[in-house]
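Survey of secondary and tertiary structure
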Amino acid sequence: MLRPGATIGILGGGQLGRMTALAAAELGLKCHVFTPERDSPAAEVCARVTVAPYEDETALEAFARGVDVVTYEFENVPAQTARVVSALTSLRPGARALATTQDRLEEKSFVAGLGLPTAPFAGIDSVADLEAALARLGRPAVLKTRRFGYDGKGQVKIADGMDAATAFDAIGRQPAILEGFVTFTREVSVVAARGEDGSIAAFDVCENAHRNHILDVTQVPASIAPETGRAALDAAAAIGAALDYVGVFTVEMFVVGDGGREGIVVNEIAPRVHNSGHWTIEGAETSQFEQHVRAICGWPLGSPARMGDVTMTNLIGADADTWQAILAEPGARLHLYGKTEARPGRKMGHVTRIRRRP
Ligand code: AMP
């Protein structure tokens, strides 16, 4: 168990690292960020920063020796980076969580192996594989690169009329997974923390709406049946336990069917705090960032209880120009990530609105 005053190392310098470092500071912990990026959002709020590539083993070793635990704020940490760090200090969540979630085929096979529902899927290494899988799974289907996809990048929907070679070209002929198309009614996520002792604390299920493949609005509670919510939380708990996970993780799911026949289909696991959990900063008794810090320090988890009905809206690109109007709005809580350049599609901040329970 770490003591207040200990130092957390964070691989990655984005807004997730920034909000984790802010939560750590509230608990008297220090953070050291390791990022290849100059002027990163996380570095602005941390005492110590190393700016170096993830492949720079000398810099990584010095970083790992100077901190008490290392965590990461993105799932594409190279395996060798994880190995170098793990040899010198504890990496939380561990290498297993990274390996499973970095590769969509590994991830879907793992989830299906737990007996949880997923889209039907097949591994794809060639146009011939893709033709065979399309014949089996039907159209439409979604072809995704196994690695490095996010926010809809590295994937293509294959409808009638697109031939297999065109689709495989569209994702750069990389190792891929083909998924049957899931006709869902809504998209939800479970953000949960798992402690060193195996305890689990999940936030209420979040309902997520996307715009241009990027998260736009999260609402809690989700408009789902209570049994669907329980199934979602149970699925997340099973995933956390099977990964022997320590820290916060997120499971993105589709809700299918309706009325009495509603169910969930697991889409993706993020081994980290998540955009759909940003509402917990004001909307829950313990934020996802504090939960992550507590878990990786070996501390007891806090209460994930919700304070009211919550809406979190992302400020993407020029949306952040509305900051003055948001400041003037009673009850709206503005977060800006300190990014200087508002490129289209870039997450610049978010705003949380809570309707408190009477
Ligand atoms: P992902 O990168 O896996 O999170 O996918 C990005 C978005 O594409 C999801 O949020 C869904 O809206 C959509 N999508 C992904 N996979 C499927 C699927 N198998 N069936 C239908 N829609 C999907």
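Look above for the structure.
Scoring rules and cut-offs
- Residues numbered from 1 in each chain as written.
- Predicted model: local features only at pLDDT ≥ 70, side-chain atom pairs only at ≥ 80, totals over all residues.
- Heavy atoms only, no water.
- Helix = DSSP H or I, 4+ residues; strand = E, 2+ residues; numbered from the N terminus.
- Rg over C-alpha atoms; globule rule 2.2 N^0.38 Å.
- Buried < 20%, exposed > 50% of the residue type's maximum accessible area, 1.4 Å probe, protein only.
- Contact = heavy atoms within 4.5 Å.
- Areas by Shrake-Rupley, 256 points an atom, 1.4 Å probe, with all protein chains shown as cover.
- Lys, Arg positive; Asp, Glu negative; His and termini not counted.
- Charge placed at Lys NZ, Arg CZ, Asp CG, Glu CD.
- Near = heavy atom within 4 Å.
- Polar contact = N/O pair within 3.5 Å; in protein donor to acceptor, adjacent residues only side chain to side chain.
- Nonpolar A, V, L, I, M, F, W, Y, C, P; charged D, E, K, R; others polar.
- Axes fitted to C-alpha atoms, helices over the stretch in contact; angles between N-to-C directions.
- Parallel < 35°, antiparallel > 145°, perpendicular 65-115°, else oblique.
- Left-handed = near helix turned anticlockwise from the far one by under 90°.
- Pairing = 2+ DSSP bridges.
- Core = buried A, V, L, I, M, F, W, Y, C linked by side-chain atoms within 4.5 Å.
- Domains from an automatic or database assignment.
- Expected span 1.5 Å × (residues − 1).

**Let's talk about the overall build of the protein**
Looking only at helices and strands, the protein has 11 helices and 17 strands in total. Its C-alpha radius of gyration of 20 Å places the protein within 12% of the 21 Å reference for a compact globule of 358 residues. Expressed as lengths along the three principal axes of its C-alpha atoms, the size of the protein is roughly 60 × 55 × 40 Å. Within the protein, the proportion of its 358 residues that are buried is 55%. Partitioning the intrachain contacts of the protein with sequence separation of at least 6 by distance along the chain shows that 62% fall at a separation of at least 24. Accessible surface, the protein as shown: approximately 15,500 Å² in total, 50% of it carbon and sulfur. Distance from the positive charge centre (36 side chains) to the negative charge centre (43 side chains) of the protein: 2 Å.

**Examining the site of the ligand**
Surrounding the ligand, one finds 14 residues, the nearest of these being Lys144, Gln155, Val182, Glu187 and Glu268. Glu179 is positioned with one of its side-chain polar atoms (N or O) 3.0 Å from a nitrogen atom of the ligand. Here an oxygen atom of the ligand sits 3.1 Å away from a polar atom, N or O, in the side chain of Asn267. Considering the ligand on its own, with 470 Å² of exposed area, one finds that the protein chains cover 89% of that surface. Only strand 6 (141-145), strand 8 (176-180), strand 13 (247-256) and strand 14 (263-270) provide two or more residues apiece to the shell around the ligand. Residue classes in the shell around the ligand are distributed as five nonpolar, three polar and six charged.

**Some points on the packing of helix 1 (residues 15-26) against helix 10 (residues 288-296)**
In contact at an axis separation of 8 Å, helix 1 and helix 10 are set at 70° when each is read in the N-to-C sense. Classed by the angle they form, the pair helix 1 and helix 10 counts as roughly perpendicular. Note that helix 1 runs across helix 10; the crossing there is right-handed. Across from Leu16, Met19, Thr20, Ala23 and Ala24 in helix 1, the residues of helix 10 making contact are Phe289, Glu290, His292 and Val293. Looking at side-chain class alone, the contact of helix 1 with helix 10 contains six nonpolar, two polar and one charged residues.

**Description of the sheet that holds strand 8**
Across the sheet, four strands lie side by side as 5-8-6-7; this open sheet has antiparallel pairing. For this open sheet the edge positions go to strand 5 (121-124) and strand 7 (155-158), each flanked by a neighbour on one side alone. Taking the axes of each pair of neighbouring strands and ignoring which way they run, one obtains an average angle of 20° across the sheet. As defined by bridge partners, strand 6 adjoins strand 8 across five bridges and the pair is classed as antiparallel.

**Points about the nonpolar core**
Leu11, Phe34, Ile239, Met253 and Val266 are the most contacted members of the largest nonpolar core, which has 40 residues in total. Here this core spans two domains, since at least three of its residues come from each of domain 1 (7-91) and domain 3 (186-356). When neighbours within four sequence positions are excluded, Leu11 is seen to be in contact with Phe34, Tyr54, Leu60, Phe63, Val70, Thr71, Tyr72, Glu73, Phe74, Val77 and Thr81.

**Re the sheet that holds strand 3 (residues 48-51)**
If you walk across this open sheet you meet the four strands as 3-2-1-4, and the pairing is parallel. This sheet does not close on itself; its edge strands, each paired only once, are strand 3 and strand 4 (69-72). Ignoring which end each strand starts from, the neighbouring axes of this sheet average 20° apart. Strand direction decides the pairing type here: strand 2 (residues 30-35) and strand 3, joined by four bridges, are parallel.

**Some words on helix 1**
Each turn of an α-helix holds 3.6 residues, which means side chains three or four residues apart point in the same direction. Between the first and last C-alpha of helix 1 there are 17 Å, a value that for 12 residues agrees with the 16 Å anticipated at 1.5 Å per step. Counting buried residues along helix 1, nine of its 12 residues qualify, which places the element largely inside the surrounding structure. Residues of helix 1 that are buried: Gln15, Leu16, Gly17, Arg18, Met19, Thr20, Ala21, Ala23 and Ala24. Summarising the contacts, the buried residues of helix 1 are in contact with strand 1 (7-11), strand 2, helix 9 (280-283), helix 10, strand 16 (333-336) and strand 17 (347-356).

**A few points about unusual backbone geometry**
Glycine aside, negative phi is the norm for most residues, and most peptide bonds take the trans geometry. Cis geometry marks the peptide bond from Arg92 to Pro93; its omega dihedral reads -10°. With respect to the element layout, Pro93 can be found in the loop between helix 3 (79-86) and helix 4 (95-102). The phi dihedral of Asp39 is positive, around 55°, even though this residue is not glycine. Positionally, Asp39 belongs in the loop between strand 2 and strand 3. Here Asp244, not a glycine, exhibits a phi torsion of approximately 50°, which is positive. By secondary structure assignment, the location of Asp244 is in the loop between helix 8 (226-242) and strand 13.

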